[in-house]
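Residue strings, one per chain:
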Amino acid sequence: MTMRTIIWKELKERPTALIASLLAIILSVTALVAIRNVTIFSEKEVAGKLDKLGANVLILPQDVTLQDYYAADMHKETIPEEHVAELALAGLTGVEAITPKLCVPTEVAGRNVILTGILPQSEIQKMNAWSGGGMLFKKHEGCKAKINVADENQDAPEALAERRALQHLKKSEVILGSDFAAANNLKAGDSLDLLGENFDVLTVLPATGTVDDSRVFAHLHTVQRLSKAGPVVNIIEVMGCCEDVANGLVGDLQKLLPGTKVVTIANVVETQVSINRMMTNLSYLFLGILIAVGGASMASASFANVIERRREIGTLMALGATPRFITRLFLTKAVLLGLAGGICGYLLGSVIAVFLGPAFADVTVFPVPRLALIASAVAVLVTLAASYFPARQASRLDPCLCFKEV
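Just so it is clear, the structure is predicted and the values come from calculations on it, not from any experiment. (Residues numbered from 1 in each chain as written. Predicted model: local features only at pLDDT ≥ 70, side-chain atom pairs only at ≥ 80, totals over all residues. Heavy atoms only, no water.)

Engineer: Which residues make up the pairing of strand 7 (residues 197-204), and what values go with them?
Structural biologist: In regular strands, side chains alternate between the two faces of the sheet. Pairing of strand 5 (residues 173-176) with strand 7 involves four bridges; the strand directions are parallel. Among the inter-strand pairings, E173 is bridged to a residue of strand 7, identified as D200. Here strand 6 (residues 191-194) runs beside strand 7; their pairing, made up of four bridges, is antiparallel. Looking at strand 7, one finds that S191 is bridged to D200. Two successive antiparallel strands, strand 6 and strand 7, enclose a turn made up of two residues, where L195 displays a positive phi of approximately 55 degrees. (Pairing = 2+ DSSP bridges. Helix = DSSP H or I, 4+ residues; strand = E, 2+ residues; numbered from the N terminus.)

Engineer: For the environment of P206, give the residues involved together with the corresponding values.
Structural biologist: Relative to the assigned elements, P206 resides in the loop between strand 7 and strand 8 (215-219). For P206, a relative accessible area of 42% translates into the label partly exposed. The spacing of P206 and S178 is 28 residues in sequence and 5.9 Å in space, taken between C-alpha atoms. (Buried < 20%, exposed > 50% of the residue type's maximum accessible area, 1.4 Å probe, protein only.)

Engineer: Could you give an account of the side chain of E173, naming the residues involved and the relevant values?
Structural biologist: Assignment of secondary structure puts E173 in strand 5. Here E173 sits buried without a salt bridge, and the closest side chain of opposite charge, K170, lies 4.6 Å off (N-O distance). Setting aside chain neighbours within four positions, we find E173 in contact with F199, D200, L202, F217, A218 and H219. (Lys, Arg positive; Asp, Glu negative; His and termini not counted. Salt bridge = Lys/Arg side-chain N within 4 Å of Asp/Glu carboxyl O. Contact = heavy atoms within 4.5 Å.)

Engineer: For the pattern of salt bridges, give the residues involved together with the corresponding values.
Structural biologist: Oppositely charged side chains may form a pair once their charged atoms are brought near each other. Evaluation of the coordinates by the stated rule reveals four salt bridges. Of the charged contacts, one joins K101 and E237 as a salt bridge, the two residues approaching to 3.5 Å between their closest N and O atoms. Pair noted here: K101 is in strand 3 (residues 95-108) and E237 is in strand 10 (residues 235-240), with a separation of 136 residues, a long-range link.

Engineer: Which residues make up the packing of helix 12 (residues 323-360) against helix 13 (residues 369-395), and what values do they have?
Structural biologist: Packing of helix 12 against helix 13 brings their axes to within 7 Å, and their N-to-C directions diverge by 150 degrees. As far as their axial angle goes, helix 13 and helix 12 are roughly antiparallel. Here helix 12 runs over helix 13; the crossing is right-handed. Split into classes, the residues belonging to the contact of helix 12 with helix 13 amount to 19 nonpolar, seven polar and no charged. (Axes fitted to C-alpha atoms, helices over the stretch in contact; angles between N-to-C directions. Parallel < 35°, antiparallel > 145°, perpendicular 65-115°, else oblique. Left-handed = near helix turned anticlockwise from the far one by under 90°. Nonpolar A, V, L, I, M, F, W, Y, C, P; charged D, E, K, R; others polar.)

Scope: geometric values only; no functional claims are made or implied.
Structural data, given as structure tokens:
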């Protein structure tokens, strides 16, 4: 009779202990895989948003509470437009673009719309040139930021949707969000009557899935004049080199403009990052539970199995089975249980993550193959560790004593 036959008969004839041990392992691995799977894709989602937005910094009025990056300018508080000139003339290292904005609610063709004034980069560059500082926006050595609005090769006005800044915009031109353009049947080259004046539609932005889709963008000074708001803005968006932002650009901005609130994109996604950190810690917690519960269950079942099979073990040893063979017998069974529990737990955990990820973390989740290896390896190690001492105990049994009545 081979070891495989002995193990199979053991599993088949004593299923109760097997099911209890296997269930403990499967449930622990399922929780570990599900949480870790959602965490991985949530972290990727946050990293993708940060990469897409660049190392943006928002300069806001002191009393404004920021909740949404794309709606950060939706408030009635203002700061002086002269702050833009201060930034341009300061020549801070790492500043690649400065985009001041002013939002004014208005009505067009019976529809409510947010008219957003934006100052093109070409006019901000002139401020810097007047001070003798030369070009304000330049790509810094070693900068990893993908946004460089001074690049004339990226001067298409449609790029406003992605870079949140544009190089040129005349005072008689407007740029339309995709939803607004579709609702009013407008396209590039058409005319739009806005607050009693006629404007040319420069372009229609591609859909972004944000509030920008329902906005109308015009020159900042035009919006200030039409709304009679004066030389003020709601927000100044600063696009800085990633490395310089990390190395003190935010602190420099706070010193330069002490009466404002300076917020980085990291602050905007801080809540999501905290949730990711919590979920990562939870995955470690369930790893501990797997080791504790699964190991204890497996150890208990193995010790009980040794006691139940004393006579069988004694018979095998009387027939010539060595202590090493007995040890391998129990450890091989433990490896099989660990593999089965790890694989089943991975499959169940992946299914749960795929269905619950969009509902609880608002991210699309796919199975992560490497987690199958991790889950199986951890489960096997736990079952081996839990079965080692019972296996050693079985291998040291005295065949003569095994046949005594217990």
